[in-house]
Amino acid sequence: MASIVKSRWALSAGLIMVAGSAMANGSFSLPFDSVAGSGMAFAGVDADRADPGAPARNPALYGATSATTLTFGGHLAHYSTEFSGAAERSETDGSMIDGGQGGDPGRLDLPLPDIVLSHRLNERWAVGVSLNAPFGITLRFDPDWVGRYHAVDTVIRGVELVPAVAWQARSWLRLGAGLRAQLFDSEFSNAVDLGSYVQQAVVDEVGFDATTPACLLAGEQTLPGKYDFFNRLDSREFALGWQAGWRAQITPELAWGFSYRSPVEHRLSGQAARARDGWTLDEFNNDPCLSAVRVGLAAMGRSYEEEVAELVEAATSETRFSTDITLPETVSTALIWQRNRWSLATTWRWTRWSRLQAATVAFDNATPTVTEPLHFNDSTLIAFGARYRLFERWTVSAGYAQETSTVDDRSRSARAPDADRSYWSGGLRWQALPTLGVVLSVGVVRGKTVVVEDRTEATGTGHTLDGRFEPLTLVWGGSRLEWRF
């Protein structure tokens, strides 16, 4: 039984589905680095020198227009979705898992900063620094919902500070590069059906269910659902990356921008907290349901304490964990055409999520290391936007974008109920003073109804979560102040 028990219980910690699936959620990657840019659905940001917040995306734009500029503001966003469906212990006793539908798990509970400082040193050189949040998601299901064995909380916050330099290489060409100092904070939790793991491990070892008859003879509840515990992984890490870009003035009216953000390698480590749901180790080890397991191991000259008891204690006790995650690179390019009062722009942006095909979590105690396949896809965003100066001090903008999802029917889960999505946005700029401008943006992101068939065969219990998530809807508002000196 040792090899089977170890392979099954490696996953009793909540594990890779916790650390991995959230990485695929399309809302995890956030494009909200400029309030003016979000007012055009992110179209043209890589080439828009009229936007003092655009250097957060393309460092070549530092010092492109004014000697010194400062933006201070950000976005607030809230997204929502609802699940309807059922969950089943399909490979153990076939029982339906009780609980509600999880409520509305969506929210984005922290502001997304848009802070950019740019200073031109001379005619050729400029420096700057930006603070923005390229990653973030908060999903909090009710702790007693039917999918609690798949996910309860998924919280990711990524904030980065980017000092950069820009160089006017030619009269028509600017180049820029910056260092990304990224702080990554994460929290993942779920419930674990330990009883189902044990029962399934016994079936895999001896070829039949030796625990349920023992339970019935003793008048005890069968193992599935009997020994649940709650698992939470918390981590906070710092890592470095880089970004670079250029802006080329193709004609007096047409500009082309390009930017690249490098992969960022994170070694996440933190605390794995486990809380048993109303039972003790003594109660588990003395459960009559396991009498046949004890007798069988003893008859083979093997130890129940080493092969079962110690692993249960490890899987349900607090420990440290670590996992390596490489956040993907992003390539973005944009065109912007400006004549008189009009600006028309487009953007194409690609993120290489396909580099995340598997995730591995290791633990400091006897809980074995586990690897889970992820099957993520690259995502692409295409945006179109327009800006029009109504009066000397007032400018309006609007935009539309379409983005492909990083998950599909094969990889969609309770932690990643995502699909292709559309963005609609509008913006307003008021030049309050010669040196002070006020920028506002609003927008909505709309997905589509998606089917979820979230199965845990790989994690040993064979639990299934079948249902659908209503279209994901994200509403945002942004505001910032701009100073030009």
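Quick note: structure is the one above.
Think of each chain on its own: its residues are numbered from 1, step by step along the sequence as written. Selection of residues for local features in this predicted model requires a pLDDT of at least 70, selection of side-chain atom pairs for listing and counting requires 80 or more, and totals for whole chains, interfaces and linings are taken over all residues. To obtain the side-chain values, all non-hydrogen atoms of the structure were used and water was disregarded.

Chemist: It is not clear to me how helix 4 (residues 194-206) should be interpreted in this structure. Could you clarify?
Modeler: Every α-helix winds through 3.6 residues per turn, so residues three or four apart in the chain are directed the same way. Taking 1.5 Å per residue, 13 residues should reach 18 Å; helix 4 reaches 19 Å between its end C-alpha atoms and fits that length. Residues of helix 4 that are buried: L194, G195, S196, Y197, V198, Q199, Q200, A201 and V202. Phi turns positive one or two residues past the end of helix 4, at G207, with a value near 90°. Runs of E in the DSSP output that reach at least two residues are strands. Runs of H or I that reach at least four are helices, and both are numbered from the N terminus. One less than the number of residues in a helix, times 1.5 Å, gives the span that helix is expected to have. Buried residues are those whose accessible area, probed at 1.4 Å on protein chains only, stays under 20% of the maximum for their type, while exposed residues exceed 50% and partly exposed ones sit between those limits.

Chemist: Quick question: what am I supposed to make of the state of the cysteines here?
Modeler: Covalently bonding the sulfur atom of one cysteine to the sulfur atom of another cysteine gives a disulfide. Pairs of cysteine sulfur atoms within 2.5 Å are what we label disulfides. Taken as a whole and judged by the stated rule, the model has 1 disulfide. Paired through a disulfide, C215 and C289 show a sulfur-sulfur distance of 1.9 Å. Taking the sign of the torsion about the S-S bond as the criterion, the disulfide between C215 and C289, at about 135°, is right-handed. Linking C215 in helix 5 (residues 212-217) with C289 in the loop between helix 6 (281-285) and helix 7 (291-299), this pair joins segments that are 74 residues apart in sequence. Under the relative-accessibility criterion, C289 is labelled buried at 0%.

Chemist: Teacher, can you tell me more about unusual backbone geometry here?
Modeler: Working note: non-glycine residues mostly have negative phi, and peptide bonds are mostly trans. Phi is positive for F42, close to 75°, though the residue is something other than glycine. If you trace the backbone, F42 turns up in the loop between helix 3 (35-38) and strand 1 (68-80). We classify F42 as buried; its relative accessible area is 1%. With a phi angle near 55°, N340 is a residue other than glycine that sits in the positive phi range. In this fold, N340 is placed in the loop between strand 12 (330-339) and strand 13 (342-351).

Chemist: Looking at this structure, how should I read the pattern of salt bridges?
Modeler: Note that side chains of opposite charge can pair when their charged atoms are close. The term salt bridge refers to a side-chain nitrogen of Lys or Arg lying within 4 Å of a carboxyl oxygen of Asp or Glu. All chains considered together, the criterion is met by 28 salt bridges. Close ionic contact of D324 with R267 constitutes a salt bridge, the shortest N to O distance being 2.8 Å. Taken together, the residues span a long stretch of sequence, with D324 in strand 11 (residues 319-327) and R267 in strand 10 (residues 264-276) at a distance of 57 residues. Using a relative accessible area of 51% as the deciding quantity, one classes R267 as exposed. Among the ionic pairs, E403 bridges to R421, the shortest N-O distance being 3.0 Å. Here R421 lies in strand 18 (residues 421-433) and E403 lies in strand 17 (residues 394-403), a separation of 18 residues in the sequence. Taken as a pair, E403 and R421 share a single burial class, namely buried.

Chemist: Mind showing me how you'd approach the packing of helix 7 against helix 8 (residues 304-315) here?
Modeler: For any two helices packed against each other, the geometry comes down to the angle between their axes and how far apart the axes lie. All axes are obtained by fitting lines to C-alpha atoms, using only the stretch in contact for helices, and the reported angles, taken between N-to-C directions, cover 0 to 180 degrees. Viewed as axis vectors pointing N to C, helix 7 and helix 8 meet at an angle of 145°, and their least axial separation amounts to 10 Å. Along the contact surface, helix 7 presents V293, R294 and L297, while helix 8 presents Y304, E305, E307 and V308. Note that Gly is not counted as nonpolar here; it falls among the polar residues with everything else outside the nonpolar set of Ala, Val, Leu, Ile, Met, Phe, Trp, Tyr, Cys and Pro and the charged set of Asp, Glu, Lys and Arg. Classifying every residue of the contact of helix 7 with helix 8 by side-chain character gives 4 nonpolar, no polar and 3 charged. Should any heavy atoms of two residues lie within 4.5 Å, those residues are considered in contact.

Chemist: Hey, could you run me through the sheet that holds strand 21 (residues 463-469) in this one?
Modeler: Hydrogen bonds between backbone atoms are what pair the strands of a sheet, whose relative direction is either parallel or antiparallel. If you trace the 3 strands from one edge of the open sheet to the other, you get 2-21-20, paired in antiparallel fashion. Each edge of the sheet is formed by a strand with only one pairing partner; in this case those strands are strand 2 (83-89) and strand 20 (450-455). Adjacent strand axes in the sheet meet at a mean angle of 10°, parallel and antiparallel pairs treated alike. Pairing between strands requires that DSSP locate at least two bridges from one strand to the other. Here strand 20 runs beside strand 21; their pairing, made up of 6 bridges, is antiparallel. Considered in strand 21, the bridge of V451 is made with R468.

Chemist: Help me understand the packing of aromatic side chains, please; the structure alone is not making it clear to me.
Modeler: The geometry of an aromatic ring pair comes down to the distance between the two centres and the angle between the two planes. Pairing of aromatic rings covers Phe, Tyr and Trp, the last counted by its six-membered ring, and requires centre-to-centre distances within 6.5 Å; plane angles under 30 degrees mean stacked, over 60 mean edge-to-face, and any other angle means tilted. Scanning all chains against the criterion turns up 19 aromatic pairs. Look at F83 and F469: their rings are 5.1 Å apart centre to centre, the planes differ by 55°, and that puts the pair in the tilted class. Of the two residues, F83 sits in strand 2 while F469 sits in strand 21, which places them 386 residues apart along the sequence. No difference in accessibility class separates F83 from F469, as the two residues are buried. Lysine NZ or arginine CZ positioned within 6 Å of the ring centre and within 35 degrees of the ring normal marks a charge as sitting over the ring. Residue placement shows R276 over the ring face of W279; its charged tip is 5.8 Å from the ring centre. Between the NZ or CZ atom of R294 and the centre of the ring of Y304, over which it lies, the distance is 3.9 Å.

Chemist: For this particular structure, what's the right way to read the environment of R174?
Modeler: Here R174 is to be found in strand 7 (residues 173-193). Each C-alpha atom of the pair R174 and T473 lies 38 Å from the other, and the pair is 299 residues apart in sequence. Once residues within four sequence positions are removed from consideration, R174 is found in contact with A60, Y62, G63, A64, A126, A166, W167, Q168, G245, W246 and R247. In protein, a polar contact requires one atom able to donate a hydrogen and another able to accept it; more generally it is a pair of N or O atoms within 3.5 Å, and residues adjacent in sequence count only if both atoms are side-chain atoms. A distance of 3.0 Å separates the side chain of R174 from the backbone oxygen of A60, its partner in a polar contact. Side chain to side chain, R174 and Q168 meet in a polar contact 2.5 Å long.

Chemist: In this structure, what is going on with the nonpolar core? I would like to understand it.
Modeler: Generally speaking, soluble globular proteins have nonpolar side chains that are buried together. Nonpolar core, defined: a set of buried Ala, Val, Leu, Ile, Met, Phe, Trp, Tyr and Cys residues in which side-chain atoms within 4.5 Å join the residues together. The biggest cluster of nonpolar side chains holds 36 residues, and the ones touching the most others in it are F32, Y423, L474 and W476. At the level of elements, strand 1, strand 5 (125-140), strand 7, strand 11, strand 16 (379-389) and strand 22 (473-484) are the ones that each hand at least two residues to this core. Counting residues per element, this core draws most heavily on strand 5, which supplies 4 residues.

Chemist: What exactly am I supposed to notice about helix 8 here?
Modeler: For helix 8, which comprises 12 residues, the first-to-last C-alpha distance of 16 Å matches the rise-based estimate of 16 Å (1.5 Å per residue) to within 8%. By the burial criterion, the buried members of helix 8 are Y304, E307, V308, A309, L311, V312, A314 and A315. Of the residues flanking the start of helix 8, the one acting as N-cap is S303, its side-chain oxygen 3.3 Å from the backbone nitrogen of E305.

Chemist: Even after reading the chapter, I still don't get the environment of W279, so can you show me in this structure?
Modeler: Considering the arrangement of structural elements, one finds W279 in the loop between strand 10 and helix 6. The exposure class of W279 is buried, given its relative accessible area of 6%. When the C-alpha atoms of W279 and F229 are compared, they prove to be 8.9 Å apart, with 50 residues separating the residues in sequence. Here D228 takes part through its backbone oxygen, which lies 2.6 Å from a polar atom of the side chain of W279.

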